[in-house]
Amino acid sequence: MSAAAPLELLAEEETGGEPVLLRAGSDAELTDRLLAPLWARWAWFPYAIGATALGSAVLFAVVGYTMVTGIGLWGNNIPVAWAFAITNFVWWIGIGHAGTFISAILLLFEVHWRTSINRFAEAMTLFAVVQAGLFPILHLGRPWFAYWLIPYPSEMGVWPQFRSALPWDVVAVTTYLTVSVLFWYSGLLPDLAVARDRAPTRLRRQAYGLLALGWRGELGQWRQFRVVYAVFAGIATPLVLSVHTNVSFDFAIAQLPGWHSTIFPPYFVAGAIYSGFAMVLQLMIPARRIFRLDDVITKNHLDNMGKMLLVTGWVVTYTYMLEPFLAWYGHDPFERFVMLRNRPFGHYAAVYWLVVFCNCVAVQALWVRRLRTSPAGLFVVACIVQVGMWSERFMLIVTSLQRDFLPSSWRNYTPTWVDWTILGGTISFFLFLFLLFLRVMPFIPISELKEMRREIVRRRAVEAETVVRLPLAGRGGGRA
Amino acid sequence: MGAMADPMWRGPNERAGLGGARGEFPDGADLPPEVTRRGLLQILGASAALAGTAGCSRGPPEDIVPYVNQPPEVRPSIASRYATTMSLGGYGIGMIVESHEGRPTKAEGNPRHPASLGALGTFEQASVLSLYDPARPKEITFRGEPATWEAFVSAITAPQPPGKRLHVLAEPTGSPHVADLVRRVRRRGDVVVHFWTPAARTNAWAGSRLAFGRVVEPRWDFSKADVVVSLDADFLAAAATPFAWARAWAARRRMASPADTMSRLYVVEPRLSVTGMAADERLAVQARRVREVAIALLRGVLALGVGEQPGLEAARRASASAPPSPHDAWAGAVARDLYAHRGAGLVVAGDGQPPEVHALAHAINEALGNAGSSVSYGPSPVFEAGEDSHDPALLLGAIDRDEVGALVVLGGDPVYTAPADFEMERRLARVPTTACLGGRTTRTGQACGWFLPELHFLEAWGDGVAFDGTPSIAQPLIRPMIEGKSAAQVLAALAGAPGATTRGLVEDYWRAAATGAFEDFWQTALVSGVAGPPAPHADGPAVGWADVARIASREPEVRAGLEVVYFADAKVHDGRFADNGWLQELPDPVTKLTWDNAVLVGPATAAARKLESSDVVDLIVRGRTVRAPVLVVPGVAEGVAAIAVGYGQGVADRVSYGVGADAYRVRDSRGLWFDDAELAKAAGSWPLALTQEHWSMEGRPIVLRETVAAYRARPDFARPRDARSPSLYGLWPAGVRQWGMSIDLNACTGCSACVVACTAENNVPVVGKIGVARGREMHWLRIDRYFSGAPEAPAVVVQPMLCQHCEKAPCEYVCPVNATVHSSEGLNEMVYNRCVGTRFCSNNCPYKVRRFNFFNYAADKPASLRLAMNPDVTVRARGVMEKCTYCVQRIEEAEIRARREGRPVADGEVVTACQATCPTGAIVFGDIADRSTRVSRSMENGRLYQVLHELGTQPRTRYLARVVNPNPELAAG
Amino acid sequence: MRPLFSPASDTLFRLALTVVATAALAVPTAMMLWVRTPYVTKEGEVVEQPIEFDHRHHVRDEGIDCLYCHYEAARAKSAGVPPTAVCMHCHAQVWQRAGRLAPVRASFFDDRPLHWRRVHQLPDFVYFDHSAHVTHGVGCVECHGRVDLMAAVRAGAPLTMKWCLDCHRDPTPRLRPASAVTDMEWKAPPGWTPDLLPNHGHVEPPVDCAGCHR
């Protein structure tokens, strides 16, 4: 059948074997297909958005309750003065990393398969960072003085303590948020423009028109766009490393056994990307199913994502092996106690072994290609990894605090319902924002996809007629 | 922020607003309050603060309310101090109380007073808080209805019908003017006065009657003793004991240099006590077997052939014929040690032991010639000690024979505290007219017709006598906040002077008693806090060896089976302090238990009965049962279930309500201190709030411990753990005072007096049981206690742990807002008003001495309790970190004073609260840059070391390693 | 079809962007200025007092020394607002019928304290000690301003932390002979320098936090 030709043709293009694009269709067709969900009515949407909105409302209610009453509502105590809040912070900010990694680093490396998923990833980054941003303020004893962490000429004549990692956290997170927003938004411009031109109602056209900031697709605009996009990619790339490195300093600069460690920066970054990719999969796979995107998000994407999980999983596993070794090798009795006794066999041993299973064992299933390319299988693994990464942060923070130097001060930590509600609340607030994004934004980068297609096709100039024939190949399906 | 305000020192108008609604921190203290007005204000405050980048917005307008006529002794913002006396069980302790604009806030010991010597125990210090207890009864009532004093007087002084008499049940008293009033009342003829308290020293008195034929009290001088044997005597506890004892004992433990001699302390006891923790050799036996050990000791001593007093031979034979005990070997070794130190030994018996044991102790001391050197004898300061008036049987009998027309209970709570077989409540009901004077709403108060609120000792004039007979005056520091009476006033009313004032009564007595010009006497007595010399020693009472022989030969009962041991609690004593939040939250010196008592059992006993901590058991004694939690404590003798009395008080709306289990319910007059008992495991679990959950040192060098022999061999064995790492630039600027503290673990007994001192001085909040259970207790100073060795006979070490004021403080560089910083004088300063509460500092503190305000504890205080707060210390708001500051308010005050007078701060001018109250003087504070100061000299000791030295934090608070003095013979055996 | 946007919309849009940008800068700046305004610091704010007490009259006309009424200033933390009895020292003789002094007499004879309004208000976590300043030659006027010219007392300084620190970090220029602390118009006599003060004016006030926060 005729559609076969372009299929394998595009397949050869990629080294990965699986094609990155099926049923290419004409630009117009592709655009229509990818914009279609925007204009369509989704039967399931009201329920989903309603549920997540409710969850978010609960979150803000509980946050308000905490603000008014005090963080005594949480399970924290002395010595475990940090627990869920900081765990959630590190987890969310970590998740955020995959987006930038995909959209920036893979862009610079000109990896084709990033194209159709990078907007998912960026949006996810954004909303994850928003969740993360809640906690540094919320976890304070007196949140209304959070601004004291910002260096400004106070009439108290006092400045922040720059030797502490926390003021730098403020810088890191805010920078990261700003850059992610700009990067994401600038990438959106052409698609917003196309949405403006194709929107059914005048109101929508005006809305998208406003957002498109007057994008006309002139050559000059394209030139500027390219520059800006590349520059942001350039700025974002070091942030992927720097932000979580700084977050890791929140622990590494302490002398607490279990925190006081120089491998934290790479360890944290790897873990961040690990959980980030897991989250991308968790969001992408259902979307792919719902919007029948298997032609733009192909087995090739799944396969590559799976490989990324495997790689980052191994980096994390390596650090897990390294930590106890260094403790043993370093002969520090306190380190040894934490690494060799307390974590594997202490009060929270269950968490430790859960972490090992989720982050090291389960992921090995991805050696199997069939699993890597099966959406269901990948989804399950991704969920397991996500749980594992959260637990890892919990283990890192709590098991180190709960048994430190003087046994007289040893105490365990038990989360309260407020702790759990805030965790769950942020998850649904995250989903809420993400659903809104799906609903109103072109969540597959149309222009980039078209561009990629043309690239491929141009390189196949010899089969010019194939290109001509291409439009006929499309079944123009995919209308949800 | 306003929330952190302590408006207390501003003007006397604050006196208004007395009496708060809630009790002080019932367990609810840690429960999230609903969104209250306060909460909303906080939001407003928050938004206001956000509006202004300063963090301070316009404060609310305030008033300044000057006096109309300012009393000359009151000076706004300047604290004044007065000497006064508190009596407990008839024994007076002199104290100096600090007062701000007429609010007594802090009690410290009176150095001139022989029982205090500058130290003060947990009860005396915490009783300041009781003064402001919002739950204090405030008015005279009759059957619950408000009544008048006149009505009471006429009712009680009405002539009794024939055959009936007016009985008074008072607490044992040493107060001279009260004693005098008792005599006056008795002259009426129709009044009988009894004395009783659940923790009386009747055994000691009976014991001396047994040994000497008359009642005398031994005056122990531990400073003269090379060998001390305690037969279940907890003489080091800072609870209802003269601190002179601990001071003298510590004098022989200091080991300033290896050349010094060191006393050896043997302790024989059923449960682990403060003294037991300090023991060099400890024998854990059931209370009923202590007597065996005493006999074995006597046998051992006499066998070594001492003295030739008449009848001594009989005693020797008798003791030799006594059946062997499993502890003979141990006792033999101790006896040889005592013999080797004839005249410089000391055997002391505890109040919980029967008279025989006391008699045996007296006998051994006399046989060894210790009497006259390390122990002398004097009259008991307690009025009519050991006489019939102290025998409750007489009162009970009278009630049963319906000879009691009226009963006036002066203080105490017999209905609750009396042995169960007294059936006080039933008997009280038989008495036509009953009245009760009490400082708290008690069950007795509820059972009696008349109730009179008792004045707090800081509200009334009085006097007292110390253990050695030294009299002292008690002067009030505040006008009565309730319409109350003192015991003396009630007695005066019975004696026909209902209108007498407390001052009048005291003055009248001393006017007659004082020698020389009264005004001079009165002034010196009030200023110095001592009203005369100690009572002279009784001329050497002689032991009746015939009686001793009879005791020694009598078959010691060898009953098997479990034994319950009752003891007066280190925190609530006999229950009278159960409404005091400071004391309820004070960790027990031994078990670290707060807001509860528990059945304490040793590991073996627990294992045998499959019991674990927090299990619930029924304690069954003579058919009576009480349900209580279990706490497994190493060192409790096998077959012993020890339980503190004073808990489980059933009066609602009080702090003590629902706290712990009531051991009085099973206590029987035939087994007041120990008794046969049974434990039955009950369903469920009883969560216990312990401030220290992990009891092993995990082999870490936290408390260094060495035997005296090893110490003499290597005098600087601890030094390696004090070496300071070399630094390019000096540690501190030259010519600047550098504060530092040394704590001698040899002297520290873990008595916990310092913890209360710190709480009182620094406005440390109380968080309630749930708070402690969640690990949120706020004590700036805690006493860590570690066990090592065999669980049955563990070695125990204690270590006061407070902010170490590290030279290289881990907390400082992690605080993002510079809220904790190093001062030029080396203090690790905590600036509450700058703290945003990231808690990073606590995470990075290796000693975990930082405390966090998880809720707005201070603001939740009832208004009246705020009056007990120290205005010189900021009250911390919700969400800020706090910790030991070395009492920086005292430092600053001394420095400002010195600057004003243009002189340097003298050594010893700044005394931290913990140091001031330490009975053994284990804590020394001062300038470590000046080699000549006491603290610097104490740090020249070879035992000096830094906790967690390997971290390089270089603490300012350093410790002197513990040296123990075990008996080589026992070690070998 | 008609265009989505009018030609003006570009300008409007750019305008909007500029406004947002400036606001981002202006708002924090405004806040920082705001907290320095006398409205927040209460500097120079007149507080209604129960009695129209005129310092001009008492200090200038009658030449009463500050320490006569605020006699604790040299010895205690708080300078002390005088007890009513102190007012009556004079007003038992002079103006003993003056209507405006009725509250004073009432207070004195019915033993009801007067409720003055606080003017110089420090946060309660600040521990200020008058004696430490007065005895080291810090004139009243340095913090309280020309009270002798005030009909009703106003705060003479912002009393912000930075304001305190400025002097604590370099006190010498603000010092004077201890004998002249209460002199409202003291000018350094010719040839006088802080060097003549005891210890050459090196008073070394605390700059550590605990100096004021405990």
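Predicted model only: the values in this text are computed from it and were never measured.

Time to look at the overall build of chain A. The helix and strand inventory of chain A stands at 17 helices and 0 strands. Since a compact globule built from 480 residues should have a radius of gyration of about 23 Å, the 24 Å found for chain A is in line with a globular shape. The C-alpha extent of chain A, read off along each of the three principal axes, is 80 × 55 × 40 Å. Counting every position in chain A, which comprises 480 residues, the buried fraction comes to 63%. When the accessible area of chain A is evaluated, it comes to approximately 17900 Å², of which 70% is carbon and sulfur surface. When the 39 basic and 30 acidic side-chain charges of chain A are each reduced to a single mean position, those positions are 6 Å apart.

In this section: helix H9 (residues 312-321) of chain B. All names here are of chain B. Here H9 has its buried residues at Leu312, Ala315, Arg316, Ala318 and Ser319. Angularly, the buried residues of H9 cover 170° about the axis, an arc narrow enough to put them on a single face. Every exposed residue of H9 that faces more than 90 degrees away from the buried side is listed here: Arg317, Ala320 and Ser321. Elements that come into contact with the buried residues of H9 comprise helix H8 (290-303) and helix H19 (545-553).

Take the side chain of Arg253 of chain B next. Counting through the fold element by element, Arg253 of chain B comes out in the loop between helix H6 (243-251) and strand S11 (264-269). Not counting residues up to four positions away in its chain, the partners in contact with Arg253 of chain B are Met262, Ser263, Arg264, Leu265, Ala278, Asp280, Asn746 and Val963 of chain B.

Next up on the list: the sheet that holds strand S13 (residues 345-349) of chain B. Residue and element names in this part refer to chain B. What the 4 strands build is an open sheet, ordered S12-S11-S10-S13; its pairing is parallel. Both edges of this open sheet fall to strand S12 (281-284) and S13, since each of them pairs with a single strand only. Sheet twist, expressed as the mean angle between neighbouring strand axes with direction ignored, is 10°. One ladder, built from 4 bridges, connects S11 with S12; its direction is parallel. Looking at the pairing, Glu269 lines up with Ala284 of S12. The strands touched by H8 within the sheet are strand S10 (227-231), S11 and S12, with S10 carrying the most contacts at an inclination of about 145°.

This part is about the interface of chain C and chain A. Listed as interface residues are 14 residues of chain C and, on the opposing side, 14 residues of chain A. When the two sides are added together, the surface that chain C and chain A hide from each other amounts to roughly 1200 Å², 66% of it contributed by carbon and sulfur. Ranking the residues of chain C by area buried against chain A places Leu4, Phe5 and Phe13 of chain C at the top, with a combined share of 40%. Here chain C and chain A share 0 salt bridges between them. Counting the contacts that link chain C with chain A gives 3 residue pairs in polar contact (both at pLDDT 80 or more). Elements represented by at least two residues in the side of chain C that touches chain A include exactly helix H1 (9-34) and helix H9 (161-169) of chain C. Ranked by the residues each element gives to the side of chain C that touches chain A, the list is headed by H9 of chain C, at 4 residues.

This part covers the sheet that holds strand S8 (residues 191-195) of chain B. All names here are of chain B. Pairing is mixed across the open sheet formed by 7 strands, whose spatial order is S6-S5-S17-S16-S15-S7-S8. Each edge of the sheet is formed by a strand with only one pairing partner; in this case those strands are strand S6 (145-146) and S8. Relative to S6, strand S5 (residues 141-142) runs antiparallel, the two sharing 2 bridges. Across the sheet, Phe142 pairs through a bridge with Glu145, a residue of S6. Packing of helix H16 (residues 487-494) onto the sheet brings it into contact with strand S7 (165-170), strand S15 (404-410), strand S16 (433-438) and strand S17 (450-453), and relative to S15 it is tilted by some 155°.

As a further point, take the nonpolar core. With 401 residues, the main nonpolar core has Phe222, Leu231 and Phe235 of chain B as its most contacted residues. At 16 residues, helix H9 (residues 264-290) of chain A tops the list of elements feeding residues into this core. Not counting residues up to four positions away in its chain, the partners in contact with Phe235 of chain B are Trp220, Phe222, Val228, Ser230, Thr241, Trp245, Trp249, Leu265, Thr275 and Val348 of chain B.

Together, Trp314, Tyr318, Met321, Trp367 and Val368 of chain A make up an exposed nonpolar region whose accessible area comes to about 580 Å². In this structure, Trp367 of chain A sits in the loop between helix H12 (349-361) and helix H13 (369-372).

On to unusual backbone geometry, then. In this chain, Ile78 of chain A is followed by Pro79 of chain A through a cis amide linkage whose omega measures 15°. Topologically, Pro79 of chain A is positioned in the loop between helix H3 (45-69) and helix H4 (84-108). The residue Asp232 of chain B is not glycine, and still its phi comes out positive at about 60°. Checked against the element boundaries, Asp232 of chain B lands in the loop between S10 and H6. Phi is positive for Trp595 of chain B, close to 50°, though the residue is something other than glycine.

Before going further, it helps to spend a moment on the interface of chain A and chain B. Each partner contributes to the interface: chain A provides 57 residues, whereas chain B provides 70 residues. Taking both sides of the interface into account, the surface hidden between chain A and chain B amounts to around 5500 Å²; carbon and sulfur atoms contribute 58%. Sorting the residues of chain A by area buried against chain B places Ile78, Arg142 and Arg411 of chain A first, and these three jointly supply 14% of that buried surface. Between Arg341 of chain A and Glu698 of chain B there is a salt bridge whose closest N-O contact spans 3.3 Å. The tally of links from chain A across to chain B stands at 36 residue pairs in polar contact (both at pLDDT 80 or more). If you tally residues by element for the side of chain A that touches chain B, the top one is H3 of chain A, at 5 residues. Looking at the side of chain A that touches chain B residue by residue, the class counts come to 35 nonpolar, 15 polar and 7 charged.

Before going further, it helps to examine the packing of helix H11 (residues 355-367) of chain B against H19 of chain B. Residue and element names in this part refer to chain B. Look at H11 against H19: their axes get within 10 Å of each other, and the N-to-C directions meet at 125°. With respect to H19, the element H11 is oriented oblique. Where H11 crosses over H19, the two elements pack in a sense that is left-handed. Each of Glu356, Ala359, Leu360, Ala363, Glu366 and Ala367 in H11 lies in contact with H19, whose residues at this interface are Trp545, Val548 and Ile551. By residue class, the composition of the contact of H11 with H19 is 7 nonpolar, no polar and 2 charged.

All names here are of chain B. The final tally for this structure, using the stated rule, is 0 disulfides over all chains. For the unlinked cysteine Cys884, the closest cysteine sulfur is that of Cys803, found at 5.5 Å. Cysteine Cys918 shares no disulfide, and the gap to the nearest cysteine sulfur, in Cys751, comes to 6.3 Å.

All names here are of chain B. Along the polypeptide, Asp280 turns up in the loop between helix H7 (274-278) and S12. A distance of 2.7 Å separates a polar atom in the side chain of Asp280 from a polar atom in the side chain of Arg253. Of note is the side chain of Asp280, whose polar atom sits 2.7 Å from the backbone nitrogen of Leu265. Here Asp280 is in contact with Arg253, Ser263, Arg264, Leu265, Val964, Asn965 and Pro966, once residues within four sequence places are set aside.

Under the defined criterion, the tally for this structure stands at 82 salt bridges over all chains. With its nearest N and O atoms 2.7 Å apart, the salt bridge here joins Arg186 of chain B to Glu384 of chain B. Highlighted residues: Arg186 of chain B in helix H4 (residues 176-187) and Glu384 of chain B in the loop between strand S14 (375-378) and helix H12 (392-400), separated in sequence by 198 residues. Judged by relative accessible area, which is 27%, Arg186 of chain B ranks as partly exposed. Across the pair Arg427 of chain B and Asp400 of chain B runs a salt bridge whose closest N-O atoms are separated by 2.8 Å. In this pair, Arg427 of chain B is assigned in helix H14 (residues 424-430) and Asp400 of chain B in helix H12, connecting sequence segments 27 residues apart. You can call Asp400 of chain B partly exposed: its relative accessible area is 33%. Salt bridges sharing common partners tie together Asp303, Lys307, Arg369 and Arg372 of chain A.

Turning next to the packing of helix H2 (residues 122-131) of chain B against helix H23 (residues 753-761) of chain B. Residue and element names in this part refer to chain B. Two elements in contact, H2 and H23, have axes whose closest approach is 9 Å; the angle formed by their N-to-C orientations is 20°. In terms of orientation, H2 and H23 fall into the roughly parallel class. In this structure, H2 meets H23 at a crossing whose hand is left-handed. Between H2 and H23, the residues in contact are Thr122, Gln125 and Ala126 and Ala753, Val756 and Ala757, respectively. Its residues assigned to classes, the contact of H2 with H23 shows 4 nonpolar, 2 polar and no charged.

The next point concerns the confidence of the model for chain A. Residue and element names in this part refer to chain A. When the pLDDT values of chain A are averaged, the result is 87; 90% of them are 70 or greater. Here residues 1-16 scores under 50 on pLDDT; set against residues more than four positions off or in separate chains, the count is 21 contacts. Of the regions scoring below 50 in pLDDT, residues 464-480 engages in 17 contacts with residues more than four places distant in sequence or in other chains.

Conventions adopted
Residues numbered from 1 in each chain as written. Chains lettered and ligands numbered in written order. Predicted model: local features only at pLDDT ≥ 70, side-chain atom pairs only at ≥ 80, totals over all residues. Heavy atoms only, no water. Helix = DSSP H or I, 4+ residues; strand = E, 2+ residues; numbered from the N terminus. Rg over C-alpha atoms; globule rule 2.2 N^0.38 Å. Buried < 20%, exposed > 50% of the residue type's maximum accessible area, 1.4 Å probe, protein only. Areas by Shrake-Rupley, 256 points an atom, 1.4 Å probe, with all protein chains shown as cover. Lys, Arg positive; Asp, Glu negative; His and termini not counted. Charge placed at Lys NZ, Arg CZ, Asp CG, Glu CD. Arc of directions from axis to C-beta. Contact = heavy atoms within 4.5 Å. Pairing = 2+ DSSP bridges. Axes fitted to C-alpha atoms, helices over the stretch in contact; angles between N-to-C directions. Buried area = accessible area lost by both parts, 1.4 Å probe. Salt bridge = Lys/Arg side-chain N within 4 Å of Asp/Glu carboxyl O. Polar contact = N/O pair within 3.5 Å; in protein donor to acceptor, adjacent residues only side chain to side chain. Core = buried A, V, L, I, M, F, W, Y, C linked by side-chain atoms within 4.5 Å. Patch = residues over 30% accessible without salt bridge, like charges linked within 9 Å, V, L, I, M, F, W, Y side chains within 5 Å. Nonpolar A, V, L, I, M, F, W, Y, C, P; charged D, E, K, R; others polar. Parallel < 35°, antiparallel > 145°, perpendicular 65-115°, else oblique. Left-handed = near helix turned anticlockwise from the far one by under 90°. Disulfide = S-S within 2.5 Å. pLDDT = per-residue confidence, 0-100.

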